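# Structural overview
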Amino acid sequence: MKYLTVLVLLLAACSKPSSTSTPQQIPMSQLPSVDPEAILAHTKVLSSDEFEGRGPGTKGEELTVTYLVDQFKKIGLKPGNTDGTYVQKVPLVGITPAPAPLVFEKAGRRQTLRWKDDVVAWTKHVADSASINRSELVFVGYGIVAPEFNWDDYKGVDVKGKTLVMLVNDPPVADATNASELDPRVFGGKAMTYYGRWTYKYEIGAQKGAAGVLIVHETVPAGYPFEVVQAKTTEQFDLVTPDKNMGRANVEGWITLDRAKALMQMAGQDFDGLKKEAARRDFKPVPLGVTASMTVRNTLRTIDSQNVVARLDGSDPARRDEYVVYTAHWDHLGIGPEVNGDRIYNGAKDNAIGTAGLLELARAFTKVSPAPKRSILFLSVTAEEQGLLGSQYYSVTPIYPLRKTLANINMDGLNVHGPTKDLTLIGYGASDLDDYAKAAAAEQGRVIRPDPETEKGFYYRSDHFNFAKQGVPALDPDEGVEFVGKPADYGKQVRDDYTEHDYHKPSDVIRADWDLAGAVEDLRVFFAVGYRVAQADKFPEWKPGNEFKAIREEMLNNGN
Ligand SMILES: [Zn+2]
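Residues numbered from 1 in each chain as written. Predicted model: local features only at pLDDT ≥ 70, side-chain atom pairs only at ≥ 80, totals over all residues. Heavy atoms only, no water.

## A few points about the overall build of the protein chain
Along its length, the protein chain carries 15 helices and 24 strands. What you see for the protein chain is a C-alpha radius of gyration of 25 Å, in line with the 24 Å of a compact globule of 560 residues. Along the longest, intermediate and shortest principal axes, the C-alpha atoms of the protein chain span 90 × 55 × 50 Å. Here the analysis covers contacts within the protein chain between residues at least 6 apart in sequence; of these, 83% occur between residues at least 24 apart. In the structure as shown, the protein chain presents an accessible area of about 24,000 Å², 53% of it carried by carbon and sulfur atoms. Of the side chains in the protein chain, 65 bear a positive and 75 a negative charge, and the two mean positions are spaced by 4 Å. (Helix = DSSP H or I, 4+ residues; strand = E, 2+ residues; numbered from the N terminus. Rg over C-alpha atoms; globule rule 2.2 N^0.38 Å. Contact = heavy atoms within 4.5 Å. Areas by Shrake-Rupley, 256 points an atom, 1.4 Å probe, with all protein chains shown as cover. Lys, Arg positive; Asp, Glu negative; His and termini not counted. Charge placed at Lys NZ, Arg CZ, Asp CG, Glu CD.)

## Some words on the nonpolar core
Ranked by size, the top nonpolar core spans 87 residues in total, and within it Leu102, Phe104, Leu137, Phe139, Trp254, Leu288 and Met294 carry the most contacts. Here this core takes seven residues from strand S15 (residues 286-312), the largest share from any one element. For Leu137, the contacting residues outside a window of four places in its chain are Phe104, Thr163, Val165, Leu214, Leu263, Val286, Pro287, Leu288, Gly289, Val290, Thr291 and Ala292. Residues Tyr67, Leu68, Leu361 and Leu406 belong to the second largest nonpolar core, which totals 66 residues. (Core = buried A, V, L, I, M, F, W, Y, C linked by side-chain atoms within 4.5 Å. Buried < 20%, exposed > 50% of the residue type's maximum accessible area, 1.4 Å probe, protein only.)

## Digging into the side chain of Arg311
For Arg311, the location among the structural elements is in strand S15. A relative accessible area of 16% means that Arg311 is categorised as buried. Only 2.7 Å separates the side chain of Arg311 from the side chain of Asp313, close enough to count as a polar contact. Once residues lying within four places of it in the same chain are set aside, the contact partners of Arg311 are Leu77, Lys78, Pro79, Gly80, Tyr323, Ile376, Leu377 and Tyr400. (Polar contact = N/O pair within 3.5 Å; in protein donor to acceptor, adjacent residues only side chain to side chain.)

## A short note on the sheet that holds strand S22 (residues 447-450)
Spatial ordering of the open sheet is given by S22-S21-S24, a layout of three strands whose pairing is mixed. A strand with exactly one partner marks an edge of an open sheet, and here the two such strands are S22 and strand S24 (477-478). Note: strand S21 (residues 422-425) against S22, four bridges, orientation parallel. Opposite Asp422, over in S22, you have Val447 as the bridge partner. (Pairing = 2+ DSSP bridges.)

## Thoughts on the coordination of the zinc ion
Bound to the zinc ion on the protein side are His329 (NE2), Asp350 (OD), Asp412 (OD) and Asp412 (OD), at distances that span 2.0 to 2.6 Å. Each of the four donor atoms around the zinc ion contributes to a set of angles spanning 54 to 153°, which defines the coordination as irregular. Considered as a linear motif, the donors of the zinc ion on their single chain read H-x20-D-x61-D. With Asp350 in helix H9 (residues 348-365) and Asp412 in the loop between strand S20 (405-410) and S21, this residue pair connects regions lying 62 residues apart in the sequence. Since its relative accessible area comes to 8%, Asp350 is described here as buried. We classify Asp412 as partly exposed; its relative accessible area is 26%. (Donors = N, O, S within 2.8 Å, 3.2 Å for Na, K, Ca; no water. Tetrahedral: all angles 85-135°; square planar, octahedral: opposite > 155°, others 65-115°.)

## Topic: the pattern of salt bridges
Where side chains of opposite charge bring their charged atoms close, a pairing between them can arise. Counted by the stated rule, this structure contains 32 salt bridges. The residue Lys404 makes a salt bridge to Asp321 at a minimum N-O spacing of 3.1 Å. Pair noted here: Lys404 is in the loop between helix H10 (389-396) and S20 and Asp321 is in the loop between S15 and strand S16 (323-329), with a separation of 83 residues, a long-range link. Classification of Asp321 by relative accessible area gives partly exposed; the value is 36%. (Salt bridge = Lys/Arg side-chain N within 4 Å of Asp/Glu carboxyl O.)

## Focus: the packing of aromatic side chains
Going through the model one piece at a time under the given rule, you end up with 27 aromatic pairs. Geometrically, the ring pair formed by Trp151 and Phe187 is edge-to-face, given 5.2 Å between the ring centres and 80° between the ring planes. Pair noted here: Trp151 is in strand S8 (residues 151-152) and Phe187 is in the loop between strand S11 (178-182) and helix H4 (198-207), with a separation of 36 residues, a long-range link. Judged by relative accessible area, which is 0%, Phe187 ranks as buried. Look at Tyr194 and Tyr200: their rings are 5.8 Å apart centre to centre, the planes differ by 80°, and that puts the pair in the edge-to-face class. We note that Tyr194, like Tyr200, is buried. An aromatic cluster is defined as three or more aromatic residues linked by ring pairs; in this entry it consists of Phe149, Trp151, Phe187, Tyr194, Tyr195, Tyr200, Tyr459, Tyr460, Phe465, Trp542 and Phe548. Against the face of Tyr154 rests Lys208, its NZ or CZ located 4.8 Å from the ring centre. Residue placement shows Lys232 over the ring face of Trp122; its charged tip is 6.0 Å from the ring centre. (Phe/Tyr/Trp six-rings, centres within 6.5 Å; stacked < 30°, edge-to-face > 60°. Lys NZ or Arg CZ within 6 Å of the ring centre and 35° of its normal.)

## Digging into the side chain of Asn307
With respect to the helices, strands and loops of the structure, Asn307 is situated in strand S15. A distance of 3.0 Å separates a polar atom in the side chain of Asn307 from the backbone oxygen of Gly390. The contact partners of Asn307, leaving out residues within four places of it in the chain, are Tyr86, Val87, Gln88, Val90, Trp330, Leu379, Ser380, Val381, Thr382, Gly390 and Tyr394.

## Comments concerning helix H8 (residues 271-278)
Helical periodicity: at 3.6 residues per turn, an α-helix aligns residues three or four positions apart in one direction. Within the sequence span of H8, burial applies to Phe271, Leu274 and Ala278. On an axial view of H8, the arc spanned by its buried residues comes to 65°, and they lie on one face. Among the structural elements, strand S6 (129-139), S8, strand S9 (163-167), strand S12 (212-217), helix H7 (257-266) and S15 are those in contact with the buried residues of H8. (Arc of directions from axis to C-beta.)

Structure, rendered in structure tokens:
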């Protein structure tokens, strides 16, 4: 080591000063170490029974936020909020809808859909009630506006005040050269794009000024049975926006496939025929000549939760106001229904360990030399489990402008079963960040594995997605599956075992057999990606064809 230092000093002394615009990319092997003992120690505290499963708005939140702030201070990071604190307040509202029927009417004929059996609906309005009253129903196919695919299901038709009936998922557009396959150039082929997610459907409906949005539930395209939708009849959390969510449609919901078919019959239409038409670019909205009425009454509960945020200032004065953001959600499910005599949902893997990784990355970043040119933000968000709400709040109310935010790297769970030969990247090929990750993994002699189930749209299901949605390139890494020295099916086995027995259950706790050697290697990749982006001459970009590329370019060009 000593010889190397001398040699470097000699070289530095002899050579001409290097251009400051050249990124100094130090090899992976020279990055500061990441300490597995520290990760385990933080995880132990965060997932302890004392922290009560880290439910937002509970004593568990108080303890967690205090712990994280103390740790960031100890590491030497600055308050991440410009108000001089380490927190960003996140106002949440819990909304419980009361059961109510949905009524379709046409020329004196009625169909009444029963709450929960036939329809699950709610309002995001922070109000006692919201309704649609004899609102005209319009079938809008998949309800999508996607300029990059030259796709617009509305064709300029005014749907203000109407109630839209939409299909879930992306339109299945057949490949022109092989009709048995989906065209990979339109809506990602087999992969699900954001346009296919149910959350998009309600957002576009609101943008179009619709009074109501009803999605037709179909098990295969949705990826889950109607029971999953029925679970939404309990309290659901949302952000309280300045307009109290009044910009959303009055009523949002799902109806069963059977009721959708009956509705189309009442309208003199054929569901299967309409569905076929909806997969075509020249589809036009179909007014159904039927009205919908429903009144949703709410029970409301407001909660003030918090994101925790710490900052490491960039070393280059010209780059200091540009940011790389690491995220990991601190929250879990809190105290809930008893399972095997236990009511505390400790969430050790989900996501005490990711939060621990965030702290350890923050510490390592203070040790790297040269220090990062750009600033690094460590953001531990709340209410991921309630629908990615803490990260959504940051992304729509950012502390630092998103056009100056180069990248988001998110950690949700870390590998606890030892070293792997691979690292999974969900939505692989989305942005230049994937290339950074690939290069870093290659330096460890490891490979990148693309998301094995692109059709399930996992890229849209964790906190990084809120950054992506606003245009910021975002990396969504997941554990590898090929374990060093283990049988080929070991990765799948431990994964399935966790999903079946521990995921979102009180039994998600630290195990005696945990081996964090693989987590350390993964964290070093995340470190290298963020560090190298912080040093680079150029902002990372979305790859051509990505659905967030246009938003990013507009943001960078218009400078807002
Ligand atoms: Zn999680």
